[in-house]
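The primary structure of each chain is shown beneath.
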Amino acid sequence: MVKIKRALISVSDKTGILGLAKELDKLGVEILSTGGTAKLFRENGIKAKEVSEYTGFPEMLDGRVKTLHPKIHAGLLALRKNNVHMKTLEEHEIGLIDMVVVNLYPFEQTVKKPGVSIEEVIENIDIGGPSMLRSAAKNHQSVAVVCNPGSYSQIIEELRKNNGALPEDLMRDLAIEVFGRTSQYDAAINVYLKEYFSKKQEISGFPQDLVLSFTKVQDLRYGENPHQKAAFYREAKKAAGLSAMKQLWGKELSFNNILDLNAACNIVKEFELPAVVFIKHNNPCGVAENRNLLKAYKDAWECDKLSAFGGILSVNRKIDFPLAKLIAKSGFLECVICPEFTVDALNLLKDKKNLRLLEMPNMLEKNNGIDFKKVSGGLLLQDEDSLTLDEKTLKIVTKKKPTKKEMESLLFAWKAGKHVKSNAIILARGTKTVGIGAGQMSRVDSCFISTKKAGKLAIGSVLASDAFFPKEDAILLAAKYKIKAIIQPGGSIADEAIIKMADKHKIAMVLTAIRHFKH
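Not measured: the values here are computed from a predicted model. (Residues numbered from 1 in each chain as written. Predicted model: local features only at pLDDT ≥ 70, side-chain atom pairs only at ≥ 80, totals over all residues. Heavy atoms only, no water.)

Caption draft 1: Seen up close, the environment of Ala240. With respect to the secondary-structure elements, Ala240 resides in the loop between β9 (230-235) and β10 (246-249). Under the relative-accessibility criterion, Ala240 is labelled partly exposed at 28%. Spatially, the C-alpha atoms of Ala240 and Glu365 are 9.4 Å apart, while their sequence positions differ by 125 residues. (Helix = DSSP H or I, 4+ residues; strand = E, 2+ residues; numbered from the N terminus. Buried < 20%, exposed > 50% of the residue type's maximum accessible area, 1.4 Å probe, protein only.)

Caption draft 2: A nonpolar patch on the surface, seen in detail. A contiguous nonpolar surface patch, about 680 Å² in accessible area, is contributed by Phe206, Leu210, Leu212, Phe214, Tyr233, Ile370, Phe372 and Leu379. In this structure, Phe372 sits in strand β16 (residues 370-375). For Phe372, a relative accessible area of 33% translates into the label partly exposed. (Patch = residues over 30% accessible without salt bridge, like charges linked within 9 Å, V, L, I, M, F, W, Y side chains within 5 Å. Areas by Shrake-Rupley, 256 points an atom, 1.4 Å probe, with all protein chains shown as cover. Salt bridge = Lys/Arg side-chain N within 4 Å of Asp/Glu carboxyl O.)

Caption draft 3: Region of interest: the side chain of Arg6. Mapped onto the elements of the fold, Arg6 is located in strand β2 (residues 6-11). Only 2.7 Å separates the side chain of Arg6 from the backbone oxygen of Leu96, close enough to count as a polar contact. Aside from chain neighbours lying at most four places away, what touches Arg6 is Val29, Glu30, Leu32, Tyr54, Gly95, Leu96, Ile97, Asp98 and Met99. (Polar contact = N/O pair within 3.5 Å; in protein donor to acceptor, adjacent residues only side chain to side chain. Contact = heavy atoms within 4.5 Å.)

Caption draft 4: Spotlight on unusual backbone geometry. Across the junction of Ser422 and Asn423, the peptide omega takes the value -5°, indicating a cis bond. Notably, Lys482 is not glycine yet its phi reads approximately 55°, a positive angle. Mapped onto the elements of the fold, Lys482 is located in the loop between α18 (473-480) and β22 (485-488). You can call Lys482 exposed: its relative accessible area is 58%. Residues other than glycine seldom take positive phi values, yet Lys506 does so here, at roughly 55°. Looking at the element boundaries, Lys506 is found in the loop between α19 (495-504) and β23 (508-511).

Structure below.
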């Protein structure tokens, strides 16, 4: 146990601080404080000595220098069982400090303010706060260090129970939390300044040293499987994408739900018109776009209703009562996500107790960030795959040209295929998928799967491939189903033979020169 006799309190976020300070005052603890915190204490009848009075040195440089003084840091860092340390303190008339309560300047909140200046951002980089926290945390066997207002109630309880003392295990846990917080704080500063000055200097490429900062949103029941622990984190600098979604109904989201929701939202934002996608295991099992939202829903559902059972539904428009009625009749789904629900639609869907309902107002915001993939011992970074087709750059390489309607269908299939695990083959009629072959080791196997899924609807459809065809076998299979047109990147050494085969079977072929592998 460590008896608390002197505490230094200097907080930016003053939530709950009066309760803790009053308890310390009641226990006879000498309180040192600064600026606004000291003023708050005086106004509430709590005895507090200004740090400037304690150190004998005034605050200076507009408050930039307040606590950076040997009387503060020596009082925190001195080892109580080290006779040389204690003699040094005595020689310089430095007292011990047994507790530090500090939370930091609100840097993360400041950078989110619209139009914030770089000068204001810089002024909200705390120097003295992290220094005191780290000094106290380093000496946590003798100094209690508190950076989180959420810990105050537990500390008050322990102080009361132990007559003004705190147990060593609590002090250890508080110190660990501090090192996590200061690491997160420094990472947020690093990320913001690198991004800000990179824009100013028009620097491209990836940093030599990468520091990431994320904040935990919630623990999850488990990971991909029940024996794996899991949690969901958001980017520390802002709530965006899935971290900004609101769950309106249903039980807690799972790890796999969040992965599938991410895939579902990324697909529907590709389309300008009302669009619907059903996702299962990170792959779409039905995608459709139509000016009539109900028609888009029916088309997406009909693509592969067997696989859609127990999947994720994403809609890029508000879900109203008529659509909610269709959803309610479609059988079991894990989640439904859209920008907004009408009140009557929400009330209807709440009748399904196992259905999770989520709103994501920012659903249609395009992804223009960085994609991360964790590998053993490292991290892969790449730009988000946000490249879109420009119809003017498409190259028609066959004698037969696609009709206007076929071209519209090819472009739709290409957008959907961008989000299907490679090797990916998509069959479409109009602006709806009728067969999807995903994640196979050979491209022709994906063709077999897509045609099997489509059945009779494969006949006369169009086909999109996420990468080039290495052999003619897939074209022969397409010819068997009287596929009218194919869109693919091209670039294979077999391109000439592939085009000849397409010409032989009167299949129009369009090359994009863009590949969309998705591993």
